[in-house]
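Analysis of the macromolecular model
The lines below spell out each chain.
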Amino acid sequence: MAGRLIALANLKGGCGKSTLALNLAAGLARQGSVGLVDVDPQGALCHWAAWASGDGFPEVLAGGEYPLETVARAARKHHRVVVDCPPSLDMVITCRILQQVDTVLIPVLPSPLDLWACAETVEAVRQAREINPGLKAWLLVNQAEPSSALSRAMSEALTSLDVPAMKCVVRRRAAFRTAVVEGVSVYQMGARGREAVREIDQVIEEVLKP
Ligand SMILES: Nc1ncnc2c1ncn2[C@@H]1O[C@H](COP(=O)(O)OP(=O)(O)OP(=O)(O)O)[C@@H](O)[C@H]1O
Ligand SMILES: [Mg+2]
C-alpha cells in the first residue's frame with residue numbers, strides 16, 4: 001500500500017516538518033486510523049496533542065528512547081503512520097527511520113539556498129535505499145509565497161538534486177500557524193482553513209498514488 005509509513009525529514013531545521021506531519025496525519029485520519037510518531041526530542045507534536053486529541057485525530061506517540069520500535073508499534077496498531085523526524089543532531093536516527101518507511105517527504109523552503117542545504121538529507125535517502133530500495137522520496141516546497149510562482153532559480157534548483165519535487169506546493173498561510181495555536185489541524189478550522197486543506201489533500205493524493 002503506497003504511503004502506509006510516511007516520514008517527514010530534513011536535517012535542516014525549521015522547514016515545516018512538524019507542521020506538515022500533523023496536518024498530513026489529520027488529513028489521512030479521515031480515511032482510517034493514523035499514528036503520528038514524534039521522534040523530535042523537543043516533542044513539539046506531543047505538546048500539540050495534549051490539547052488536540054479527540055475523535056478523528058491521529059494518535060500522537062512520543063518516539064522515546066527507542067523511536068524505531070515506536071514506529072513499528074504504531075504500524076501494528078494503525079492503518080497508516082506519519083513520522084516527524086528530528087533536525088540535524090540526529091542524523092543517525094533519521095537514516096534508520098528512512099530504512100523503515102515506504103515514503104519520505106523532504107520539506108524545503110522556496111529558496112535555492114535552502115534547497116542546496118538539503119543535499120545531506122538527499123544523501124541519507126541514497127544510503128537508506130541500499131537497505132530499503134523501495135523508498136519513495138520527494139521534495140515538497142513549503143511556505144511558497146502566496147501570490148507568485150516559484151522563481152526560475154528555484155525551479156531550476158529543484159531539478160538539480162537526485163530526489164524529484166512534488167507537483168503540488170504548500171503555500172505560506174496563516175492558517176497553518178493558527179491551527180497549532182488553537183490546538184487543531186487545518187481540517188478543524190472551517191472556512192479559515194479551506195485553502196490549506198485543499199493543499200494538504202493534494203499532497204495526500206500525490207503521495208498515495210500507486
Ligand atoms: N506553510 C506554512 N505557512 C505558514 N507558516 C508555516 C508553514 N509551515 C511551517 N510554518 C511555520 O514555520 C515554523 C517552522 O515550522 P515547523 O516547526 O513545522 O518546522 P520543523 O521543520 O518541524 O522545525 P524543527 O526542525 O525545528 O523541528 C513554525 O513557526 C510554523 O508555524
Ligand atoms: Mg519540528
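In short, a report on the structure.

Parameters and conventions
Residues numbered from 1 in each chain as written. Chains lettered and ligands numbered in written order. Predicted model: local features only at pLDDT ≥ 70, side-chain atom pairs only at ≥ 80, totals over all residues. Heavy atoms only, no water. Near = heavy atom within 4 Å. Polar contact = N/O pair within 3.5 Å; in protein donor to acceptor, adjacent residues only side chain to side chain. Areas by Shrake-Rupley, 256 points an atom, 1.4 Å probe, with all protein chains shown as cover. Helix = DSSP H or I, 4+ residues; strand = E, 2+ residues; numbered from the N terminus. Pairing = 2+ DSSP bridges. Contact = heavy atoms within 4.5 Å. Axes fitted to C-alpha atoms, helices over the stretch in contact; angles between N-to-C directions. Buried < 20%, exposed > 50% of the residue type's maximum accessible area, 1.4 Å probe, protein only. Arc of directions from axis to C-beta. Salt bridge = Lys/Arg side-chain N within 4 Å of Asp/Glu carboxyl O. Core = buried A, V, L, I, M, F, W, Y, C linked by side-chain atoms within 4.5 Å. Parallel < 35°, antiparallel > 145°, perpendicular 65-115°, else oblique. Nonpolar A, V, L, I, M, F, W, Y, C, P; charged D, E, K, R; others polar. Lys, Arg positive; Asp, Glu negative; His and termini not counted.

Concerning the site of ligand 1
Close to ligand 1 lie 17 residues; Gly14, Lys17, Ser18, Thr19 and Asn142 are nearest. Within the side chain of serine 18, a nitrogen or oxygen atom sits 2.9 Å from an oxygen atom of ligand 1. In the model, a nitrogen atom of ligand 1 is placed 3.0 Å from a nitrogen or oxygen of the arginine 173 main chain. Within the complex, 79% of the 620 Å² of free accessible area of ligand 1 lies under protein. Secondary-structure elements contributing two or more residues to the shell around ligand 1 are helix 1 (17-28), strand 6 (136-144), strand 7 (170-171) and helix 8 (174-181).

Let's talk about the sheet that holds strand 1 (residues 5-8)
Judged by pairing direction, the sheet is parallel, and its seven strands sit side by side in the order 3-2-4-1-5-6-7 without closing on themselves. Pairing within the sheet leaves two strands with one partner each, and these edge strands are strand 3 (59-62) and strand 7. In this sheet, strand 5 (residues 103-108) lies alongside strand 1 in parallel orientation, the contact comprising three bridges. Directly across from alanine 7, in strand 5, lies its bridge partner valine 104. Along the sheet, helix 3 (residues 67-77) contacts strand 1, strand 2 (34-38), strand 3 and strand 4 (80-84); its crossing angle with strand 3, the most-contacted strand, is approximately 155°.

Some words on helix 3
Within helix 3, the full set of buried residues consists of Pro67, Leu68, Thr70, Val71, Ala74 and Ala75. End-on, the buried residues of helix 3 take up no more than an arc of 160°, which puts them together on one face. Within helix 3, the exposed residues directed more than 90 degrees away from the buried face are Arg76 and Lys77. Those residues of helix 3 that are buried are in contact with strand 1, strand 2, strand 3, strand 4 and helix 4 (91-98).

Observations regarding the pattern of salt bridges
All told, the structure shown has 10 salt bridges when counted by the stated rule. Put simply, arginine 30 and aspartate 201 hold a salt bridge, and the shortest N to O gap is 3.9 Å. In this pair, arginine 30 is assigned in the loop between helix 1 and strand 2 and aspartate 201 in helix 9 (residues 194-208), connecting sequence segments 171 residues apart. The salt bridge partner of glutamate 156 is arginine 152, with a shortest N-O separation of 3.6 Å. Here the residue glutamate 156 and the residue arginine 152 both occupy positions in helix 7 (residues 152-158), the gap between them amounting to four residues, near one helical turn.

Concerning the nonpolar core
One finds Leu36, Leu105, Val186 and Val203 to be the most contacted residues of the largest nonpolar core, which totals 39 residues. When contributions to this core are tallied by element, the ones reaching two or more residues are strand 1, helix 1, strand 2, helix 2 (44-52), strand 6, helix 8 and helix 9. Not counting chain neighbours up to four residues away, the residues in contact with leucine 105 comprise Ile6, Ala7, Leu8, Ala9, Leu24, Trp138, Leu140, Met166, Val203 and Val207. Counting 36 residues, the second-largest nonpolar core is a separate cluster that includes Ala7, Val37, Ala75 and Ala128.

Some words on the packing of helix 1 against helix 9
Closest axis-to-axis distance for the helix 1/helix 9 pair is 10 Å, and the angle between their directions is 75°. One element, helix 1, and the other, helix 9, form an angle in the roughly perpendicular class. Across the interface between the two elements, Leu20, Asn23, Leu24, Gly27 and Leu28 from helix 1 touch Ile200, Val203, Ile204 and Leu208 from helix 9. Its residues placed into classes, the contact of helix 1 with helix 9 shows seven nonpolar, two polar and no charged.

Some details on the side chain of lysine 17
Residue position: lysine 17 is located in helix 1. Buried within the structure, lysine 17 lacks any salt-bridge partner; its nearest side chain of opposite charge belongs to aspartate 84, at an N-O separation of 6.1 Å. If near-sequence neighbours (up to four positions away) are discounted, lysine 17 is found in contact with Leu8, Ala9, Asn10, Lys12, Asp84, Cys85, Pro86, Pro87 and Pro107.

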